Amino acid sequence: MNETPYSRVKLARDSKRPTGLDYITNVFAGFMELHGDRRFGDDKAIVGGIALLNDRPVTVIAIEKGHTAKERSYRNFGAPHPEGYRKALRLMKQAEKFGRPVICFIDTSGAYCGIGAEERGQGQAIGENLTEMSTLCVPVISILIGEGGSGGALALAVADRVWMLQNAVYSVISPEGCASILWKDPSKAEEAAASLKLTAEDARGLGVAERIISEKDLGKKEFYDRIRDLLSSELETLGKDTDLVGSRYERFRSLGTGAVIKERL
Amino acid sequence: MALINFLKPKNKLEEGGRTAAPVQQDAGEPEKSCPNCRRNIPVSRLWANGLVCSCGYHFRMKARQRISVISDRGTFKELYPGLKAQNPLDFPGYSEKTETVRLASGEEEAVICGTGEIGGESCCLFVMESYFMMGSMGSAVGEKLTMLFEYAVERRLPVVGFTVSGGARMQEGLLSLMQMAKVSAAVKRHSDAGLFYVVVLTDPTTGGVTASFAMEGDVILAEPGATVGFAGARVIEQTTKKPLPKGFQKSEFLLEHGFVDAIVPRANQKALISYLLKIHSGRSEP
């Protein structure tokens, strides 16, 4: 694999890649979708519900981009509105009530930038997911399967384990956005992608992700079987942690502490 | 004192009975032009009025100026003053940029933390600095805020915060993004300990800061006319190709849509915050 960071970004955005619903359908059995945030509406960019993982009930939440032009438009290109994040939080709280683990699949260029999204509190919705997920009493595993666009991705990734597909990317800003803000030149996206350290290997190196999932047999039965096995065995491990919330706090607490100088100069 | 008094603008320029319109052209006195009413105001008079124009426009304030205005004289003790970011990703130009900004702003980082008293009430205080890379949040800002909330839990103190930020600092990439989760988790621990957090949103508060601790206060206040939002207005216009409604992402817009508790002019902030701290000081152990 001699992919550059920016070619990874392009791979991550490829509409032929498996999307959230492909994972839901192929990794789990008996999925029942649950709609709506009970406050405003039902966001089509986030799909969530209950399902079985090897006979074990779990709550599954996925950002869905769609494959065809029609699907992508229906799913708002995987850019969630506040009601999507609120639906996700409702389902997580439900999972907590019934002791079900939560599995999230993340694939978004970012939370939607729009008038309605701002009117309904995009920032507040994301912020609330961050605080509430930090103390959720059931195991949470989040897998970045394509694009991990900033706060819109993080809002489903305050998890005990964060995994990334080999060609998934996770970034604070899109390379194009970074290049146009910093260098006033969107064509420098290639350089920005390299500087932002957004690949799966980078994320693992920074302690942001624990595992990189190989894309061998991507989209085939063997691939989904492998993900199912990985999830099952990891839930087994997490089930033994008697202080899940404390461990999750420490997981995020440690990020970036090595990047600061504490002495007074 | 009726609560409404905290929310009504109190303008010293007008209270003094002086009309603000014909500004005395004192030779040599530096002036500042108000972006709202276009009048030139002598800097000394602007200062006497807490950097608020007689038209109500709130000028940006440096973090240390704000601390001196909001905390009781001589009570503020800074915490973690030397804590600052390195260049964890070796991002091109970042080290040079921070060095320049440190020299220009006189600050090590984009937030100042400490303890102090406001109207005699002890609290932890953080104030973000717009003159340091527009208050952007990197690892150092995240670490300082997390430490402050943890300190507040240990000492059972409320937290008072003033936000101003362009969002996460992109030169620290994913580590900046992770600070949103890290600080939010610390805010949650503080909240679960039954402790009070009041945040004042000032111009501008956007991006990753809006999508984390700016929106996580028990009480959320905002300065008049401050821009507060998640996505930048220009990005929204480009994405939606629709004209933005009047007053979009201003404090008043957020109040209207239910995301801030009150808009409080600068002159009334200290009295209201000390009132809120008093109200919440008698809370017993949860």
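This is a predicted model, so every value here is computed, not measured.

Asks: Could you give an account of the overall build of chain A, with specific residues and numbers?
Replies: The helix and strand inventory of chain A stands at twelve helices and nine strands. In terms of overall size, chain A behaves like a compact globule, its C-alpha atoms giving a radius of gyration of 18 Å where 265 residues would be expected to give roughly 18 Å. Principal-axis analysis of the C-alpha atoms places the extent of chain A at approximately 50 × 50 × 45 Å. Residues counted as buried form 54% of the 265 residues belonging to chain A.

Asks: Go over the overall build of chain B, please, and point to the residues and values.
Replies: Scanning chain B from terminus to terminus reveals eleven helices and ten strands. Within the span of chain B, comprising 286 residues, buried residues form 49% of the whole.

Asks: I'd like a rundown of the interface of chain B and chain A, residues and numbers included.
Replies: Many analyses report the size of an interface as the accessible area lost when the parts associate. Between chain B and chain A, the residue contacts involve 52 residues of the former and 45 residues of the latter. Elements with a minimum of two residues in the side of chain B that touches chain A: β4 (84–85), α6 (139–155), α7 (173–192), α8 (207–210) and α9 (233–240) of chain B. Here the side of chain B that touches chain A gets 15 residues from one element, more than from any other, and that element is α7 of chain B. When grouped by side-chain class, the residues that make up the side of chain B that touches chain A number 27 nonpolar, 17 polar and eight charged. Pairing analysis gives two bridges linking strand β9 (residues 260–261) of chain A to β4 of chain B, with the strands arranged antiparallel. Pairing of isoleucine 261 of chain A across the sheet is with lysine 84 of chain B, part of β4 of chain B.

Asks: If you had to explain helix α5 (residues 94–105) of chain B to someone new, which residues and values would you point to?
Replies: The end-to-end C-alpha separation of α5 of chain B is 16 Å, in line with the 16 Å expected for twelve residues at 1.5 Å each. Immediately downstream of α5 of chain B, the backbone of glycine 106 of chain B shows phi near 75°, a positive value.

Asks: Requested: an account of the nonpolar core, with residues and values cited.
Replies: Of all hydrophobic cores here, the largest spans 151 residues; its most connected members are Cys104, Ile106, Met164 and Tyr170 of chain A together with Leu174 of chain B. The element contributing the most residues to this core is α7 of chain B, with ten residues. Residues contacting isoleucine 106 of chain A, with those up to four places away along its chain left out, are Ile63, Ser142, Ile143, Leu144, Ile145, Gly148, Ala153, Leu156 and Ala157 of chain A. Grouped together as the second largest cluster of nonpolar side chains are five residues, Ile41, Leu51, Val52 and Cys53 of chain B included.

Asks: Outline the sheet that holds strand β9 (residues 219–222) of chain B, listing residues and values.
Replies: The pairing of strands in a sheet comes from backbone hydrogen bonds and takes either a parallel or an antiparallel form. Residues and elements named next belong to chain B. Taken in spatial order, the seven strands line up as β3-β5-β6-β7-β8-β9-β10 in an open sheet, and their pairing is mixed. One side of each edge strand has no neighbouring strand; the edge strands of this open sheet are β3 (77–79) and β10 (262–263). Strands β5 (111–118), β6 (121–128) and β7 (159–165) of the sheet are contacted by helix α4 (residues 63–70), whose axis makes an angle of about 160° with β6.

Asks: Could you give me a rundown of the domain arrangement of chain B, with the residues and numbers involved?
Replies: Residue and element names in this part refer to chain B. Partitioning chain B into domains gives domain 1 (15–59) and domain 2 (60–279). For domain 1 and domain 2, the distance between their C-alpha centres works out to 27 Å. Opposite the seven residues of domain 1 that make contact, domain 2 presents ten residues. A class-by-class count of the residues in the side of domain 1 that touches domain 2 yields four nonpolar, three polar and no charged.

Asks: Report on the pairing of strand β6 (residues 161–165) of chain A, specifying residues and quantitative values.
Replies: Residue and element names in this part refer to chain A. Counting buried positions over the five residues of β6 gives five, a clear majority of the element. Burial along β6 is two-sided: Arg161, Trp163 and Leu165 facing one way and Val162 and Met164 facing the other are all buried. With four bridges joining them, strand β5 (residues 140–149) and β6 adopt parallel strand pairing. Bridge pairing in β6 places isoleucine 141 opposite arginine 161. Pairing of β6 with strand β8 (residues 211–213) involves three bridges; the strand directions are parallel.

Asks: Break down the pairing of strand β3 (residues 56–63) of chain A for me, citing the residues and quoting the values.
Replies: Residue and element names in this part refer to chain A. Of all the eight residues making up β3, six are buried; the element is thus mostly covered by neighbouring parts of the structure. Both strand β2 (residues 46–53) and β3 contribute to a ladder of eight bridges, which runs antiparallel. Considered in β3, the bridge of valine 47 is made with alanine 62.

Asks: Explain the packing of α6 of chain B against α7 of chain B to me, and be specific about the residues and the numbers.
Replies: Residues and elements named next belong to chain B. Two elements in contact, α6 and α7, have axes whose closest approach is 9 Å; the angle formed by their N-to-C orientations is 10°. Taken together, the axes of α6 and α7 are roughly parallel relative to one another. Residue-level inspection shows Ser139, Val141, Gly142, Leu145, Thr146, Phe149, Glu150, Ala152 and Val153 of α6 in contact with α7, the latter providing Leu175, Gln179, Lys182, Val183, Ala186, Val187, Arg189 and His190. Partitioning the contact of α6 with α7 into residue classes produces nine nonpolar, five polar and three charged.

Asks: Tell me about unusual backbone geometry, and please be specific about residues and values.
Replies: A cis amide bond, omega -15°, links aspartate 203 of chain B with the succeeding residue proline 204 of chain B. Here proline 204 of chain B is to be found in strand β8 (residues 197–205). Of note in this structure, asparagine 54 of chain A is not a glycine but carries a positive phi near 45°. Checked against the element boundaries, asparagine 54 of chain A lands in the loop between β2 and β3. On the basis of neighbour count, asparagine 54 of chain A is assigned to the partly exposed category, with 13 C-beta atoms found within 10 Å. In this model, aspartate 90 of chain B sits at a positive phi of 50°, which is unusual for a non-glycine residue. Relative to the helices and strands, aspartate 90 of chain B is located in the loop between β4 and α5.

Asks: Now, about the packing of helix α12 (residues 244–253) of chain A against α7 of chain B: what can you tell me, with residues and values included?
Replies: The contact between α12 of chain A and α7 of chain B brings their axes to 9 Å, and the two run at 135°. Of the possible angle classes, the one that applies to α12 of chain A and α7 of chain B is oblique. The chirality of how α12 of chain A crosses α7 of chain B is left-handed. Judged by residue contacts, Tyr249, Phe252 and Arg253 of chain A of α12 of chain A engage Met178, Ala181, Lys182 and Ala185 of chain B from α7 of chain B.

Reading the values: the criteria
- Residues numbered from 1 in each chain as written.
- Chains lettered and ligands numbered in written order.
- Predicted model: local features only at pLDDT ≥ 70, side-chain atom pairs only at ≥ 80, totals over all residues.
- Helix = DSSP H or I, 4+ residues; strand = E, 2+ residues; numbered from the N terminus.
- Rg over C-alpha atoms; globule rule 2.2 N^0.38 Å.
- Buried ≥ 20, exposed ≤ 12 C-beta atoms within 10 Å, placed from the backbone.
- Contact = placed C-beta atoms within 7 Å.
- Nonpolar A, V, L, I, M, F, W, Y, C, P; charged D, E, K, R; others polar.
- Pairing = 2+ DSSP bridges.
- Expected span 1.5 Å × (residues − 1).
- Core = buried A, V, L, I, M, F, W, Y, C linked by C-beta atoms within 7 Å.
- Axes fitted to C-alpha atoms, helices over the stretch in contact; angles between N-to-C directions.
- Domains from an automatic or database assignment.
- Parallel < 35°, antiparallel > 145°, perpendicular 65-115°, else oblique.
- Left-handed = near helix turned anticlockwise from the far one by under 90°.

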